[in-house]
Amino acid sequence: MLGPMEIPRETCLLSGCGYTGARLARRLAPPVLGLVRTGASVAALAQARIPALAVDLDGGEPLPLPDRLGAVAYLAPPGGSGSQDERLRHFLASLGPVRPRSVLYLSTTAVYGDTAGAPADEDAPAAPGDTRARQRLDAEGQIRAWCGAREIRWAVFRVGAIYGPFRLPLDRLRRGEPVLREEDTGPGNRIHVDDLVAACAAVLEGPAEGIFNLVDGVPWSPAAFADRVAFHAGLPRPPRIGRSEAEPRLGPAYLSFFRERRRVVSSRLAGLGVVPRTPEAGIRDSLREMGLESPGA
Ligand SMILES: NC(=O)c1ccc[n+]([C@@H]2O[C@H](COP(=O)([O-])OP(=O)(O)OC[C@H]3O[C@@H](n4cnc5c(N)ncnc54)[C@H](OP(=O)(O)O)[C@@H]3O)[C@@H](O)[C@H]2O)c1
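These notes cover the structure that comes with them. Since the model is a prediction, treat every value here as computed from it, not as a measurement.

### Structural notes on the packing of helix α3 (residues 86-95) against helix α4 (residues 131-150)
Now for step 1: In the contact formed by α3 and α4, the axes pass within 9 Å of each other and the chain directions differ by 15 degrees. Considering their axes alone, α3 and α4 lie roughly parallel with respect to each other. For the pair α3 and α4, the sense of crossing is right-handed. Mapping the contact onto sequence places L88, R89 and L92 in α3 and A139, Q142 and W146 in α4.

Here it is in structure tokens:
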């Protein structure tokens with residue numbers, strides 16, 4: 001356990017400080033502390049001047065967590081084989097008597113399950129359709145119960161597919177890989193990482209609480225999104241492929257992302273002062289940051 005002299009009282013703990021966490025760490029007012037699994041991730045974060053510890057959130061031992069914190073953002077995916085998130089349970093148990101001012105949990109839009117294409121806002125019932133989504137719903141319940149018992153402010157973000165710099169399908173496009181035809185996928189639900197980060201900062205540093213859907217509200221299909229990435233990166237438009245043809249080429253894990261059809265709507269994001277950028281703007285911003293925006297686009 002780190003002592004009170006080593007961790008400033010207002011430290012924001014980012015548990016699962018990966019792609020989103022690193023950008024959030026840069027956005028928040030210091031002090032922040034990231035938790036990651038590997039020493040390589042600690043070293044990568046150190047390069048960006050983000051302090052981090054390598055821990056195993058799944059380990060049997062209590063985690064070496066600071067004994068006082070300003071806020072907690074939990075950004076790690078679920079762990080465990082059943083429909084409960086045992087990884088989060090272990091983390092919350094390790095917090096022990098620590099009472100942060102607020103807790104933010106990043107969940108996914110998968111908790112709404114398959115709505116047959118119908119819109120789902122924050123008031124729609126959760127209907128998880130697989131084990132992973134059930135773990136997410138369990139995790140949301142753990143956060144609410146843990147915070148509720150301690151009168152700690154909590155927020156749950158149900159996040160769509162996160163894209164941004166270095167998270168675009170550029171390698172697939174360069175390899176000329178096909179994408180599923182529009183009629184074989186549901187609407188897309190996605191968010192640019194920096195809009196997600198702005199919303200995270202708003203709840204960690206402000207008074208908002210409750211459940212928020214984190215999507216940009218533009219339901220471009222994966223094929224339409226890939227087309228626009230290709231256009232702005234100066235790459236060939238990807239060929240289309242049908243579901244039956246795709247199974248042996250793209251694999252069942254990839255296809256499972258497109259099994260459910262839901263159109264997620266955010267009715268509360270504006271209340272955080274965040275107006276998400278369109279995917280068109282988000283793709284261009286991302287490519288520009290990577291130095292890859294095509295001059296002809
Ligand atoms: N990516 C998406 O499109 C998407 C969509 C909806 C929701 N989400 C959720 O949003 C959250 C943030 O997403 P992201 O893409 O930013 O995540 P990410 O880049 O995959 O980062 C996850 C982080 O969690 C750490 N981690 C995982 N298992 C751990 C363990 N057992 N012990 C310690 N650390 C562990 C990883 O450490 P290492 O770096 O050392 O491995 C990594 O830093 C995740 O919960 C994700 O599932 C993602």
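Okay, back to it.
### Structural notes on the sheet that holds strand β5 (residues 102-108)
Now for step 1: The strand order across the open sheet built from 7 strands is β3-β2-β1-β4-β5-β7-β11, with neighbouring strands paired in parallel fashion. In this open sheet, the two edge strands, each paired with only one partner strand, are β3 (52-54) and β11 (210-214). The average angle at which neighbouring strand axes cross in this sheet is 15 degrees, direction not considered.
Now for step 2: In terms of strand pairing, strand β1 (residues 12-15) meets strand β4 (residues 71-74) through 4 bridges, oriented parallel. Counterpart to L13 in the pairing with β4 is V72.
Now for step 3: Packing of helix α2 (residues 39-47) onto the sheet brings it into contact with β2 (32-36) and β3, and relative to β3 it is tilted by some 170 degrees.

### Structural notes on the site of the ligand
Now for step 1: With respect to spatial proximity, 25 residues lie near the ligand, and among them G16, G18, Y19, T20 and S41 are the closest.
Now for step 2: At the level of elements, α1 (19-27), β2, β5 and β8 (161-163) are the ones that each hand at least two residues to the shell around the ligand.
Now for step 3: Residue composition of the shell around the ligand, grouped by class: 13 nonpolar, 8 polar and 4 charged.

How each quantity is defined
Residues numbered from 1 in each chain as written. Predicted model: local features only at pLDDT ≥ 70, side-chain atom pairs only at ≥ 80, totals over all residues. Axes fitted to C-alpha atoms, helices over the stretch in contact; angles between N-to-C directions. Helix = DSSP H or I, 4+ residues; strand = E, 2+ residues; numbered from the N terminus. Parallel < 35°, antiparallel > 145°, perpendicular 65-115°, else oblique. Left-handed = near helix turned anticlockwise from the far one by under 90°. Contact = placed C-beta atoms within 7 Å. Pairing = 2+ DSSP bridges. Near = placed C-beta within 6 Å. Nonpolar A, V, L, I, M, F, W, Y, C, P; charged D, E, K, R; others polar.

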